[in-house]
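# Observations on chain architecture
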Amino acid sequence: MRRRSATLEGLELMREAAPTLSLAQIITFLHVADEDESVPMIDLQRRTATSAVQAWRNVQALTTLGLVRVGRWKMGSITAVELSSAGQDLAARLDATIHGSSPIAAPASVAT
């Protein structure tokens, strides 16, 4: 039997960790997790191709779940988002899950 694909495994982990998240919120989380430092809201809005209102709603949902925190960016007046400890843990588990899974296009092994 073939292992499940990395994409499916990752999405299942996200659903298990935070069952109420929408796909847009998962994408927002992944963009924040993809950075080593906080992401300014304007950059997050651009990266996720969402309006300012929708980007903020996505961040609020992630904040409510304790996955991200909002603060000030380097320049002081700019709002930025970064992973919380729980978000860092989820990102690490997601990396480990994906690393141990099959690629989505991997052929199934044939029993001989």
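Before going into details, it helps to say that this report is about the structure given with it. Only a predicted model underlies this, so the values are computations on that prediction, with no experimental measurement involved. Every chain is numbered on its own, with residues counted from 1 as its sequence reads. It should be noted that, the model being predicted, local features are given only for residues of pLDDT at least 70 and side-chain atom pairs only at 80 or more, the latter also being counted only at that level, while totals for whole chains, interfaces and linings use all residues. Note: side-chain values were computed over all heavy atoms of the structure, leaving out hydrogens and water.

## Structural notes on the environment of S22
Under the DSSP-based scheme used, a helix requires at least four consecutive residues in state H or I and a strand at least two consecutive residues in state E, with every element numbered from the N terminus. On the secondary structure map, S22 appears in the loop between α1 (6–17) and α2 (23–33). Along the backbone, S22 and A61 are 39 residues apart, and their C-alpha atoms lie at a distance of 9.4 Å.

## With respect to the pairing of strand β2 (residues 68–72)
Here β2 runs beside strand β3 (residues 79–83); their pairing, made up of five bridges, is antiparallel. Across the sheet, the residue bridging to V70 is V81, located in β3. Pairing between two strands requires that DSSP report at least two bridges joining them. Taking the residues that link successive antiparallel strands as the turn, the β2-β3 hairpin has six residues, and the phi of G76 there is positive, at about 90 degrees.

## Concerning a nonpolar patch on the surface
Every patch collects residues that have over 30% relative accessible area and no salt bridge, joining them within 9 Å if they carry like charges and within 5 Å if they are nonpolar side chains (Val, Leu, Ile, Met, Phe, Trp, Tyr). Only the protein chains shown count as cover for residues, and the accessible areas themselves come from Shrake-Rupley with a 1.4 Å probe. Salt bridge, as used here, is a side-chain nitrogen of Lys or Arg placed within 4 Å of a carboxyl oxygen of Asp or Glu. A cluster of nonpolar side chains, namely L11, L23 and I27, defines an oily patch on the protein surface of about 270 Å² accessible area. Note on placement: L23 falls in helix α2.

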